[in-house]
Amino acid sequence: MKIQREKLWEAVVQCNGKYDGSFYYAVKTTGIFCHPSCKSKTPKQENVEFFFHIEEAFLKGYRPCKRCRPDLYPSSYEPHQEVIKEVKNILENEYDKPWTLQKLSKRIGISSYHLHRLFKKKTGISPKQYLNQIRIEQAKLLLLQGEKNNTEICFLVGFNDTSHFYNVFRKVTGFSPFAFKHRHS
Ligand SMILES: [Zn+2]
């Protein structure tokens with residue numbers, strides 16, 4: 001934590017805009033919080049508090065700086081959002097691979113605990129649930145195309161066990177693959 005604090009402080013001293021939106025610094029003596037890039041006078045280090053989320057700064061009673069206006073920063077900019085996008089991309093393109101949370105987190109480069117929490121927080125579902133949704137969407141398409149049987153479809157979309165496939169299919173669509181196909185044909 002100490003090293004990280006020093007890194008954050010360095011960014012503040014250098015007015016490093018690269019970190020805008022990823023953390024904020026607040027000054028205890030003025031009650032104001034800023035972007036790292038703010039051009040206002042560099043405060044004394046011992047008076048500074050760091051926040052990774054703007055809400056935390058507000059909760060602690062700090063007001064946004066009138067000069068750098070951290071409160072107006074486009075909320076679309078979120079480093080976490082990049083991670084979510086990357087996870088979604090991977091799963092959408094490689095849904096048929098035998099993913100586990102460990103494999104996914106290794107690919108993304110963050111811990112599986114963190115990945116799971118972050119994804120769930122931002123999307124409301126776990127990476128596994130997201131992957132299952134994509135697989136079932138694909139399975140529905142294949143079912144409707146009618147060229148493959150249920151077992152073939154099960155393996156094609158990435159499940160390695162038909163009863164698991166049936167369970168997930170029913171959970172997501174409310175129907176068995178068989179009933180689904182009949183309703184739509
Ligand atoms: Zn400022």
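Going by what an unreviewed UniProt entry lists, the protein chain is known as Methylphosphotriester-DNA--protein-cysteine methyltransferase family protein and is assigned to Paenactinomyces guangxiensis. Taken directly from UniProt, the Cofactor (unreviewed entry) text for the protein chain runs: "Zn(2+)".

**Some details on unusual backbone geometry**
Phi is positive for Cys 15, close to 50°, though the residue is something other than glycine. Position of Cys 15 among the secondary structure elements: in the loop between helix H1 (2–13) and strand E1 (24–27). Phi angles above zero are rare outside glycine, and Arg 69 is one such case at about 40°. Inspection of the secondary structure assignment puts Arg 69 in the loop between strand E4 (63–64) and helix H3 (79–93).

**Some details on the coordination of the zinc ion**
For the zinc ion, the full set of protein donor atoms is Cys 34 (SG), Cys 38 (SG), Cys 65 (SG) and Cys 68 (SG), and the range of their distances to it is 2.2 to 2.4 Å. Relative to the metal, the 4 donor atoms surrounding the zinc ion lie at angles of 103 to 122°, and the coordination shape comes out tetrahedral. For Cys 68, a relative accessible area of 18% translates into the label buried.

**A word on the domain arrangement of the protein chain**
By domain assignment, the protein chain separates into domain 1 (2–72) and domain 2 (78–185). Taking only C-alpha atoms into account, the centre of domain 1 sits 40 Å from that of domain 2.

Conventions and cut-offs
- Residues numbered from 1 in each chain as written.
- Predicted model: local features only at pLDDT ≥ 70, side-chain atom pairs only at ≥ 80, totals over all residues.
- Heavy atoms only, no water.
- UniProt positions renumbered as here; feature names shortened; annotations may be inferred.
- Helix = DSSP H or I, 4+ residues; strand = E, 2+ residues; numbered from the N terminus.
- Donors = N, O, S within 2.8 Å, 3.2 Å for Na, K, Ca; no water.
- Tetrahedral: all angles 85-135°; square planar, octahedral: opposite > 155°, others 65-115°.
- Buried < 20%, exposed > 50% of the residue type's maximum accessible area, 1.4 Å probe, protein only.
- Domains from an automatic or database assignment.

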